[in-house]
Amino acid sequence: MSAKFFEEPILNNPYSFPGKHWQIDDEGLPTDVIINTRRSAKLVSPIPAPKKKGKKGNQKELQLGADLEDPAKGQEFNPTPIINELRTEIETWRKLPNPDQWQVTPVTAQLLKHWRSLQADETQAIRPFFCQLEAVETAIWLAEVAPKNKLRGRRFSEYLKQANATANPDLFRVAMKLATGAGKTTVMAMLIAWQAINAARSPNSKNFTRGFLLIAPGITIRDRLRVLLPNDAESYYAQRDLVPTDMLPELGKAKIVITNYHAFKLRERVAMAKGAKQALKGHGDDPVTLETEGQMLQRVMPELMGMKNIIVINDEAHHCYRERPDPDIEKLKGDEKKEADDNKEAARLWISGIEAAKKRIGVSTVYDLSATPFFLSGSGWPEGTLFPWVVSDFSLMDAIECGIVKLPRVPVADNLPGQPEPLYRNLWPAIRKSMPKKQKGEKKPDPLKLPIELQVAIEALYGHYKKTYELWEKEGVGIPPVFVLVCNNTTNSELVYEYISGFEREDSEGVVSFTQGKQELFQNFTDDGQRLPKPRSLLIDSQRIDSGEAIDKAFREAHAEEIEAFRREKAAREGQEAARELTDEDVLREVMNTVGKKGRLGEQVRCVVSVSMLTEGWDANNVTHILGLRAFGTKLICEQVMGRALRRLSYEMDPETRLFGVEYADIMGIDGLNFSAQAVAAKPKKPREVVHVCAVSPERDDLEITFPRVEGYRVELPDERLEADFSQLEPYVLTPQKIGPTKVVMQGIVGMPETLTVEHLKQMRQSTIVFHLATHLLYNNLRDANEQPKMHLFGQCRRIVRQWLNSGLLVCNGGTYEAQLTIKQIGDEVCNLIIGAINTKPAGEGIVRALLDPYNPTGSTADVNFNTTKADRYWPKPDRSHVNWILLDSDWEGQLAQILDDHPRVLAYAKNHNLGLEVPYLCSGEPRTYLPDFLVRIDDDGDTPLTLVLEVKGYRGHDAMLKAATFRDKWIPAVNRLETYGRWAFAEMRDPFTMEQELNDLIAKVSQKVAAE
């Protein structure tokens, strides 16, 4: 095992393509060799064929990713070729530069551009990981691109249909495997946005839907998924900027139902005692008191009943499958048998609910998301068998190499002689028979009789936890690390919980005695037996949550502020009635959901003992230690339990390496993933402060600034003569940096070198260049799409182009020539500049008109609402900005913000950060968008205030010139002509020492113009 891997395991930036991986040896362990390619998926899923086959049971051999074995052995589906081949297809598709080549709808193209831009924006507090966007891209490619590529696309769809045929008859499922901590909820949000917005803008399309059924394995996950509701206070779409503000209204039209699979169980419609049922039955059939399938659907998803072909999204989808028709009988006993039976019942209920929805409503696709999409025990398939419909894989090893998760460490050696492996690596088999049993006269087993090996294991892991706790306190992290114990049943979990936190016992004579917990930092009592108002340890299992057993009066009093905050949040989400009376179950579940979250009920929990963590979906990012006290027969269970500790505490990126720092999780009692390491100290990092940036409403609504959302420009051509005013244009500079090398030295192994240049281009006549540019101008800029060019304007176009060429505005440096203007991308830029300078005579009015977003034509500072960890920010005066913070990208911007705060002519201002003001422009022939820095409302003595757009610019390259020219010569005159958004102007601030004087001069100039008018 390589020490280098464990000291510096992170190779890849989590927001970029994972282009490196550690070499794995024959034992499946990482070496110290780095391979400079992406790690291939290597997953095999055996799907045995039924032993009895009729005509329908015979399947043809699959040509992609499947091997037909001997009939006696069955058929094996190997998803590895599917995943790797899909990766190749999607990588090629992702690199296509022109959205027109993507073969997706305009809505999908806009969302993809937005997500990729968001992913690259380092100022965002939370942005999509590469693996999250890749999972969504895979779903999009299969749904939109593959059907248009009949040869390649059909192979994938046929494979998926056959892979689903045995385990999911009549359903089309697509699974995406994402390691714990990789952010499945974000992927769900992006899938919903993609489908819902497309459906809203193309209501007649059969490829998209506004109806979504999200199914969770428990109430906890169900509650956590409420962030997928567009109107939720913590909605991912707005807070994480996953959906552009102009698309949020369409997203609001989605119908989203979030439920847990238990809701599919048919309920009694009439409460009736057993005796009453017998009396009604008489000598006939039993009375029908259960609801029908249709009534169940009406209860669970009334919003979806009128829709067709909804999308189903399964969270923790490994709980959902149809049992194998002719299963191999598993020989299980005790807890393992009970767990298998529970898995079987849960899976049957889950998939039956989806099948009912398919029959009554229609289900187009089921998207499965899970870190472990494997069949469970009780399924009839071999436990740990991968779902064969997996199409995307981001494994735990991938996540470690990208730094998305902590690195798990397990025991590798101990001082116990004669053992094949360290005892604490797989503790449960050694102690299971020694666990305490209830003795005669006892109401409960004695926690102090836990096996010695277990007590020592707890103490050993606790000793390291204590050091970690003290280190976090010293570093000012603000929350404690969390120690988790996972037990096999309720009885043992309660024993362990009482052992570490303290307990009371009543003897046969009614005398209550108190015993203090063994681990000081986890004790829930004072030394004199008084229960602490804020418990340090928590016992989590379904029975305890349902009973609310741990909630007493002292707890409610100590957490009064947190409970009231929870009540307000619940009222905002579910209404005043739901929040009026919080049950103990509600409060305990909130404690569990908020472990490690500052200012919330679970903030100071240090230890969690659990039975049902795997189904309850509990996750926190401050888990550092786990002790497993149950059987771990497969890698599936190992990864599920280890996953509780894998979420990172800090997502702070090292500014030098551009990688995350290493975080570790120390784990005992769980074997099977082949992760082990020497003890390497990892200094904890305090998470960056998260700041909520928003419009302060209604207190500052008078400072609101609105603006038009311009998505393009059109040219209105009159019959009169065209003129051009180039006085405001900047020089257009051609350099090798812009167009590529113009001088190349060619050298062989031997012989004379040769120098190649483009000097021959100077022989091209100017009249030829003028003809090319004038033709480009007429055919591409001076007409609308599908409109015939106005040939009578060709002569004027030649005159204007020649005027520009002779004006001295073209500068050719570094061996470049005028002839290179005939390159299409260069011609696009030049003609775009010329259009902005053209006006009409005699009126002298510009010919460019603004095209507004038809769905959301107006933007506003009132729409600002997001979280950020950006440290560089400025707090504006409350009477100057509608938004509570100004986020800064440079010191110059901070200086300008101070000037705007104090300037007597400034009425209001805002930074264009997540505000939505985007200016379309052209660069190298490609449409782009430009985000100016500041919007400033100025009192210039006019009838209405002037909105001044300011750009703070240090280094000014070619692209900046194009942006400024477009804004000044197109956007500003086009918007001013609308007359519905007031008056607008634009200026650049290029010198920090003269910004205040420049602003004064600009305002004075505008005021003089107003006075003259």
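Residues numbered from 1 in each chain as written. Predicted model: local features only at pLDDT ≥ 70, side-chain atom pairs only at ≥ 80, totals over all residues. Heavy atoms only, no water.

Going by the annotation in an unreviewed UniProt entry, the name recorded for the protein chain is Type III restriction enzyme, with Aliiruegeria lutimaris given as the source organism.

**Q** Can you walk me through the overall build of the protein chain in this structure?
**A** Looking only at helices and strands, the protein chain has 30 helices and 39 strands in total. Looking at the protein chain as a whole, 53% of its 1013 residues qualify as buried. A sequence separation of at least 24 residues applies to 74% of the contacts in the protein chain between residues at least 6 apart. (Helix = DSSP H or I, 4+ residues; strand = E, 2+ residues; numbered from the N terminus. Buried < 20%, exposed > 50% of the residue type's maximum accessible area, 1.4 Å probe, protein only. Contact = heavy atoms within 4.5 Å.)

**Q** Help me understand the pattern of salt bridges, please; the structure alone is not making it clear to me.
**A** For side chains bearing opposite charge, pairing can occur when the charged atoms are close. Inspection of the entire model under this criterion finds 41 salt bridges. For the salt bridge of aspartate 940 with arginine 983, the shortest nitrogen-to-oxygen distance reads 2.8 Å. Taken together, the residues aspartate 940 in the loop between strand 37 (934-938) and strand 38 (946-952) and arginine 983 in strand 39 (residues 983-989) connect sequence positions 43 residues apart. (Salt bridge = Lys/Arg side-chain N within 4 Å of Asp/Glu carboxyl O.)

**Q** Help me understand the sheet that holds strand 10 (residues 363-370) in this model?
**A** Paired through backbone hydrogen bonds, the strands of a sheet run either parallel or antiparallel to each other. Ordered by their spatial adjacency, six strands build an open sheet running 8-7-9-10-6-11, and the pairing between neighbours is parallel. In the strand order of this sheet, the two ends are held by strand 8 (255-260) and strand 11 (390-394), each with one partner. Strand-to-strand twist of the sheet, defined as the mean angle between neighbouring strand axes without regard to direction, takes the value 15 degrees. Alignment of strand 7 (residues 211-216) against strand 8, held across six bridges, turns out to be parallel. What sits directly across from leucine 214, in strand 8, is isoleucine 258. Packing of helix 6 (residues 184-201) onto the sheet brings it into contact with strand 6 (173-178), strand 7, strand 8, strand 9 (310-315) and strand 10, and relative to strand 10 it is tilted by some 160 degrees. (Pairing = 2+ DSSP bridges. Axes fitted to C-alpha atoms, helices over the stretch in contact; angles between N-to-C directions.)

**Q** Teacher, can you tell me more about the environment of lysine 738 here?
**A** For lysine 738, the location among the structural elements is in helix 24 (residues 736-739). For lysine 738 and serine 924, which are 186 residues apart along the polypeptide, the C-alpha to C-alpha distance reads 9.1 Å. Look past the residues within four positions of lysine 738 in its chain and what remains in contact with it is Tyr732, Ile826, Glu829, Ser924 and His958.

**Q** Help me understand the packing of aromatic side chains, please; the structure alone is not making it clear to me.
**A** In this description, a pair of aromatic rings is defined by centroid distance and the angle of the planes. A complete count under the given rule lists 25 aromatic pairs for this structure. Clustering of aromatic rings is evident, with ring pairs tying together Tyr462, Tyr465, Tyr469, Phe483 and Phe522. In this structure, arginine 201 is placed above the aromatic ring of tyrosine 855, and the distance from its NZ or CZ to the ring centre is 3.9 Å. The ring of tryptophan 885 carries arginine 873 above its face, with NZ or CZ at 4.9 Å from the centroid. (Phe/Tyr/Trp six-rings, centres within 6.5 Å; stacked < 30°, edge-to-face > 60°. Lys NZ or Arg CZ within 6 Å of the ring centre and 35° of its normal.)

**Q** Even after reading the chapter, I still don't get the side chain of aspartate 940, so can you show me in this structure?
**A** Aspartate 940 sits in the buried class, given a relative accessible area of 1%. Polar contacts involving the side chain of aspartate 940 include one to the main-chain amide nitrogen of glycine 942, which spans 3.2 Å. A polar atom in the side chain of aspartate 940 sits 2.8 Å from the side chain of arginine 983. (Polar contact = N/O pair within 3.5 Å; in protein donor to acceptor, adjacent residues only side chain to side chain.)

**Q** I'm lost on the sheet that holds strand 18 (residues 623-629) in this one. Help?
**A** In spatial order, the strands read 12-19-18-13-17-16; together these six strands make up an open sheet with parallel pairing. Each end of this open sheet is capped by a strand with a single partner; those strands are strand 12 (407-409) and strand 16 (537-540). Each strand of the sheet is rotated relative to its neighbour by a mean of 20 degrees, with strand direction disregarded. Two strands pair when backbone bridges link them, and strand 13 (residues 482-487) and strand 18 are joined in this way by six bridges, in the parallel orientation.

**Q** Just checking my understanding: could you explain the packing of helix 4 (residues 130-145) against helix 6 for this structure?
**A** Each packed pair of helices is defined by two parameters, the angle between the axes and the distance between the axes. Orientation of helix 4 relative to helix 6, taken along the N-to-C sense of each, is 35 degrees, at an axis distance of 9 Å. Seen from above, helix 4 lies across helix 6 with right-handed handedness. When helix 4 is examined against helix 6, the residues Gln132, Leu133, Ala135, Val136, Ala139, Ile140, Ala143 and Glu144 are found in contact with a partner set consisting of Thr186, Val187, Met190, Leu191, Trp194 and Asn198. Among the residues making up the contact of helix 4 with helix 6, the classes are represented as ten nonpolar, three polar and one charged. (Left-handed = near helix turned anticlockwise from the far one by under 90°. Nonpolar A, V, L, I, M, F, W, Y, C, P; charged D, E, K, R; others polar.)

**Q** Mind showing me how you'd approach the packing of helix 25 (residues 766-781) against helix 27 (residues 824-837) here?
**A** Relative to each other, helix 25 and helix 27 sit at 70 degrees, their axes nearing to 10 Å. It follows from the interaxial angle that helix 25 and helix 27 lie roughly perpendicular. Contact residues: helix 25 offers Leu773, His776, Leu777 and Asn781, while helix 27 offers Lys824, Gly827, Asp828, Val830, Cys831, Asn832, Ile834 and Ile835. Among the residues making up the contact of helix 25 with helix 27, the classes are represented as six nonpolar, four polar and two charged. (Parallel < 35°, antiparallel > 145°, perpendicular 65-115°, else oblique.)

**Q** It is not clear to me how the pairing of strand 6 should be interpreted in this structure. Could you clarify?
**A** Successive residues of a regular strand alternate their side chains across the two faces of the sheet. Counting buried residues in strand 6 gives six out of six residues, a clear majority hidden from the surface. Residues of strand 6 alternate between two faces, with Arg173, Ala175 and Lys177 on one and Val174, Met176 and Leu178 on the opposite face, all of them buried. Relative to strand 10, strand 6 is paired through five bridges, and the arrangement is parallel. Paired with lysine 177 across the bridge in strand 10 is serine 370. Here four bridges tie strand 6 to strand 11, and the two strands are oriented parallel to one another. Residue pairing for strand 11: methionine 176 is matched across the bridge by serine 392.

**Q** Would you explain the confidence of the model for the protein chain in this entry?
**A** Looking at the protein chain, the pLDDT average stands at 82 and 83% of residues meet or exceed 70. Of the regions scoring below 50 in pLDDT, residues 674-680 engages in 26 contacts with residues more than four places distant in sequence or in other chains. Every residue in residues 840-844 scores below 50 in pLDDT, and together they form ten contacts with partners more than four places removed in sequence or on other chains. (pLDDT = per-residue confidence, 0-100.)

**Q** Explain helix 5 (residues 150-167) to me, please; I cannot follow it from the model alone.
**A** The periodicity of an α-helix, 3.6 residues per turn, causes residues three or four positions apart to be oriented the same way. The end-to-end C-alpha distance of helix 5, which contains 18 residues, comes to 26 Å, matching closely the 26 Å that a straight helix rising 1.5 Å per residue would cover. Looking at helix 5, one finds that the buried residues are Gly153, Phe156, Tyr159, Leu160, Ala163, Asn164, Thr166 and Ala167. (Expected span 1.5 Å × (residues − 1).)

**Q** Is there a simple way to think about helix 28 (residues 891-902) in this case?
**A** Counted at 1.5 Å a residue, the expected span for helix 28 with its twelve residues is 16 Å, and the 17 Å between its end C-alpha atoms agrees. For helix 28, every residue scored as buried is listed here: Glu893, Gly894, Leu896, Ala897, Ile899, Leu900 and Asp901.

**Q** Is there a simple way to explain the environment of lysine 184 in this structure?
**A** Here lysine 184 lies in helix 6. The class of lysine 184 is buried, set by a relative accessible area of 11%. Between the C-alpha atom of lysine 184 and that of cysteine 131, which follows or precedes it by 53 residues, the distance is 9.9 Å. Among all residues touching lysine 184, those that are not within four sequence positions of it are Leu178, Asp315, Glu316, Leu369, Ser370 and Ala371.

**Q** Help me understand the side chain of histidine 903, please; the structure alone is not making it clear to me.
**A** With respect to the helices, strands and loops of the structure, histidine 903 is situated in the loop between helix 28 and strand 34 (906-911). Using a relative accessible area of 7% as the deciding quantity, one classes histidine 903 as buried. Apart from the residues lying within four places of it in its own chain, the contact partners of histidine 903 are Arg880, Leu999, Asn1000 and Ile1003.

**Q** What is the right way to look at unusual backbone geometry in this model?
**A** Backbone phi values are negative for most residues with the exception of glycine, while trans is the configuration of most peptide bonds. Here the residue pair serine 697 and proline 698 is connected by a cis peptide bond, since its omega of 5 degrees sits within 30 degrees of zero. Phi is positive for asparagine 309, which is not a glycine, with a value near 55 degrees. With respect to the element layout, asparagine 309 can be found in the loop between helix 11 (293-300) and strand 9. In this structure asparagine 309 comes out as partly exposed when scored by relative accessible area, which is 41%. One non-glycine residue, arginine 658, adopts positive backbone phi at about 60 degrees. Residue classification places arginine 658 among the partly exposed residues on the basis of a relative accessible area of 28%.

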